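This is what each chain is made of:
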Amino acid sequence: MFLKWVSWKIELFTLFVGATILLILWLKRRTTYFQRMGIPTPPTTFLLGNMRDSISQKRSFGEETKWQYNYLKAKNKLHGGIYLFWNAVYFPIDPELIKHIMQNDFHHFVDRGVYVNEEDDPLSAHLFSLKGKKWKNLRAKLTPTFTSGKMKMMFGVLLKCGKDFVDEIDRIKHEPIDIKDMLARFTTDIIGSCAFGLECNSMKEPNNEFREKGKKVFDAGIIDNLKGLLTFIMPEFAKSLGMRITNDEVTKFFMKVISDTVKYREKNNIYRKDFMHLLIQLKNKGKLVEDGNLSADKDDDGDVITFNELAAQAFVFFIAGFETSSTTMTFCLFELASNPDIQKKLRQEVLDVLEKYNGELTYDAIMDMHYMEKVVNETLRKYPPLPSLNRECTKDYRIPGTEVILKKGMKLIIPVIGLHHDEDYYPQPEKFDPERFSAENLNRHPYTFLPFGEGPRICIGLRFGMMQTKVGLSVLLKNYEFTVSSKTRLPLVMDPRSFILSTKGGIWLNCQKIE
């Protein structure tokens, strides 16, 4: 009996040792993939790969990406490979190679490689994440909703929110202002109105449910980051588990809000000049028409979008619109407060353009602010809201100029923040200099500036994002002068918990009313 027990223990131990050896060998093979292909790789950590500090939240994802870029650039490489845990991820850093991936050879890289689970997580099935033909069809349907004509249609909403913004700052102007919080409330009100047709009133009610649920989307802890990594490196496994990346509370709230809004408008045939009206037309008619009728006509082609597709697009418009624009304006105002000469020059342009348009801030006036464009672009260069872009190889691809083949399914990370801070393209990259975007300085490779992506999957909301950013900056600079408060932690420290570029402790500004 004793001998049998010992024998069983030995067999179990042998099995365990064998399995461990096989696992180590498997991991070793997985994490030497690029070395075997002759592609350089930055130093890796066993099991965690190249993103150890980002995974443990010691360093932001943007800073980690920038470090990987600088490591490869210092060795004069055109590309490299990194590992997320044991998954190989291709990491191009040469602008011409990136252009091939995003534009010339786009048919090999149609998908972002971002997790989508339409059944268990309906709000994940939005344009940013969708794949293949579904993405292509939906992109074609949604593109007409972001024309300059449609932007002009929504401009009045932005002006009203701008007035509410100024009124609130007038109320608290004698205290240092957490400018990111204020700007997020401003953009929440804009997107809430344009995407849902609802008055969020975040200026007077900063803790309203829209604002709180919006913050919850980006309030990621270590578990959320690990879940995000799992869905990135093992999407099919995550899908088989029914994994959701959208918080349950957030899903429940937004699905109800959108359902109630759609039902009310359809029942009462409500016409409102906003994004929701356009989405309801696509749901009922399959196309956009220049009228207020929401019902399907007998000659409509029937190629409509579903309610879940409508909800997902409204949701991504909300989270992308309020967070990225408020982040851009926050960093822009920080740089303007730190560089008073640039602030003064931009303010003068705002005043001159307003005088040209009889004191009215109009869509055409905003488009006439050329120095404003340079200032915003320099902000996006120095502080890209998304520090990297994702792609997935959708069919085997030979890397130009090499014999290396990227296999179908290979994930890619394009290091936007590395390109934006490369001194070969932007001398003294830490200096804030809007003149980098003057006509005479635009002779650098166009794929060294990618705040909105490029190619067929360029951000569809680019026009809207720039419009609300310019409106926000215009109403603020017309009315106030900004300086950096002593409450701001300098130098700025990036928040390691946030995938979107943001600071720890916020950015606090003093504002002086211009009489």
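Here the structure is a predicted model, which means the values were calculated and not measured. (Residues numbered from 1 in each chain as written. Predicted model: local features only at pLDDT ≥ 70, side-chain atom pairs only at ≥ 80, totals over all residues. Heavy atoms only, no water.)

**Focus: the overall build of the chain**
Link 1 in the chain: Each helix and strand counted, the chain has 19 helices and 9 strands in total.
Link 2 in the chain: Here the C-alpha radius of gyration of the chain, 25 Å, is about what a compact globule of 515 residues would show, namely 24 Å.
Link 3 in the chain: For the chain, the spread of C-alpha atoms along the principal axes amounts to about 95 × 60 × 50 Å.
Link 4 in the chain: Of the contacts formed within the chain by residues at least 6 apart in sequence, a portion of 71% connects residues at least 24 apart.
Link 5 in the chain: Surface summary for the chain: the accessible area is close to 23,800 Å², and the carbon and sulfur share equals 56%.
Link 6 in the chain: Computing the positive centroid from 73 side-chain charges and the negative centroid from 65, the chain places the two 5 Å apart. (Helix = DSSP H or I, 4+ residues; strand = E, 2+ residues; numbered from the N terminus. Rg over C-alpha atoms; globule rule 2.2 N^0.38 Å. Contact = heavy atoms within 4.5 Å. Areas by Shrake-Rupley, 256 points an atom, 1.4 Å probe, with all protein chains shown as cover. Lys, Arg positive; Asp, Glu negative; His and termini not counted. Charge placed at Lys NZ, Arg CZ, Asp CG, Glu CD.)

**Digging into the packing of helix α9 (residues 209–218) against helix α12 (residues 248–268)**
Link 1 in the chain: For the pair α9 and α12, the least separation of the axes is 10 Å and the interaxial angle reads 135°. In terms of their interaxial angle, α9 and α12 are classed as oblique. When you trace α9 past α12, the crossing you get is left-handed. Of α12, the residues touching α9 (which contributes Glu209, Phe210, Lys213, Lys216 and Val217) are Glu249, Val250, Phe253, Phe254 and Val257.
Link 2 in the chain: Grouping the constituent residues of the contact of α9 with α12 by class yields 6 nonpolar, no polar and 4 charged. (Axes fitted to C-alpha atoms, helices over the stretch in contact; angles between N-to-C directions. Parallel < 35°, antiparallel > 145°, perpendicular 65-115°, else oblique. Left-handed = near helix turned anticlockwise from the far one by under 90°. Nonpolar A, V, L, I, M, F, W, Y, C, P; charged D, E, K, R; others polar.)

**Comments concerning the UniProt feature "binding site: heme" (unreviewed entry) in the chain**
Link 1 in the chain: Within this structure's numbering, the places UniProt gives as "binding site: heme" (unreviewed entry) are Cys459.
Link 2 in the chain: As for its position among the elements, cysteine 459 is in the loop between α18 (416–420) and α19 (462–479). (UniProt positions renumbered as here; feature names shortened; annotations may be inferred.)

**Some words on the nonpolar core**
Link 1 in the chain: Of all hydrophobic cores here, the largest spans 102 residues; its most connected members are Phe196, Phe254, Ile258, Leu333, Phe464, Leu476 and Phe482.
Link 2 in the chain: Ranked by the residues each element gives to this core, the list is headed by helix α14 (residues 307–338), at 16 residues.
Link 3 in the chain: Residues within four places of phenylalanine 482 in sequence aside, it is in contact with Leu333, Ala337, Gln343, Arg347, Leu476, Leu477, Leu509, Asn510 and Cys511.
Link 4 in the chain: Ranked by size, the runner-up nonpolar core spans 38 residues in total, among them Phe85, Val89, Leu412 and Ile413. (Core = buried A, V, L, I, M, F, W, Y, C linked by side-chain atoms within 4.5 Å. Buried < 20%, exposed > 50% of the residue type's maximum accessible area, 1.4 Å probe, protein only.)

**Brief notes about the pairing of strand β9 (residues 508–513)**
Link 1 in the chain: When strand β3 (residues 177–178) meets β9, the two strands line up antiparallel, connected through 2 bridges. Within β9, the position partnered with aspartate 178 by the bridge is tryptophan 508. (Pairing = 2+ DSSP bridges.)

**Digging into the pattern of salt bridges**
Link 1 in the chain: Enumeration over the complete set of coordinates arrives at 32 salt bridges.
Link 2 in the chain: Residue lysine 73 pairs with aspartate 422 through a salt bridge whose shortest N-O separation is 2.4 Å. In this pair, lysine 73 is assigned in helix α4 (residues 61–74) and aspartate 422 in the loop between α18 and α19, connecting sequence segments 349 residues apart.
Link 3 in the chain: Look at aspartate 422 and you get buried, because its relative accessible area is 5%.
Link 4 in the chain: Close ionic contact of aspartate 164 with lysine 160 constitutes a salt bridge, the shortest N to O distance being 3.1 Å. Within this pair, aspartate 164 and its partner lysine 160 are both found in helix α7 (residues 148–172), separated by 4 residues, close to a single helical turn.
Link 5 in the chain: By relative accessible area, which is 21% here, aspartate 164 ends up partly exposed.
Link 6 in the chain: Assessed through its relative accessible area of 45%, lysine 160 is described here as partly exposed. (Salt bridge = Lys/Arg side-chain N within 4 Å of Asp/Glu carboxyl O.)

**Let's talk about helix α8 (residues 179–196)**
Link 1 in the chain: The end-to-end C-alpha separation of α8 is 25 Å, in line with the 26 Å expected for 18 residues at 1.5 Å each.
Link 2 in the chain: Most of α8 sits inside the fold, with 16 of its 18 residues counted as buried.
Link 3 in the chain: Downstream of α8 by a residue or two, glycine 197 has a phi angle that is positive, lying close to 70°. (Expected span 1.5 Å × (residues − 1).)

**Brief notes about the domain arrangement of the chain**
Link 1 in the chain: By the assigned domains, the chain splits into domain 1 (1–33) and domain 2 (38–513).
Link 2 in the chain: Taking only C-alpha atoms into account, the centre of domain 1 sits 48 Å from that of domain 2.
Link 3 in the chain: Note on domain 1 versus domain 2: buried area summed over both sides is about 690 Å², and carbon and sulfur give 65% of it.
Link 4 in the chain: The three residues of domain 1 that bury the most area against domain 2 are Arg30, Thr31 and Tyr33, which together make up 68% of that side's buried surface.
Link 5 in the chain: Here domain 1 is connected to domain 2 by 0 salt bridges.
Link 6 in the chain: Along the contact surface separating domain 1 from domain 2 lie 2 residue pairs in polar contact (both at pLDDT 80 or more). (Domains from an automatic or database assignment. Buried area = accessible area lost by both parts, 1.4 Å probe. Polar contact = N/O pair within 3.5 Å; in protein donor to acceptor, adjacent residues only side chain to side chain.)

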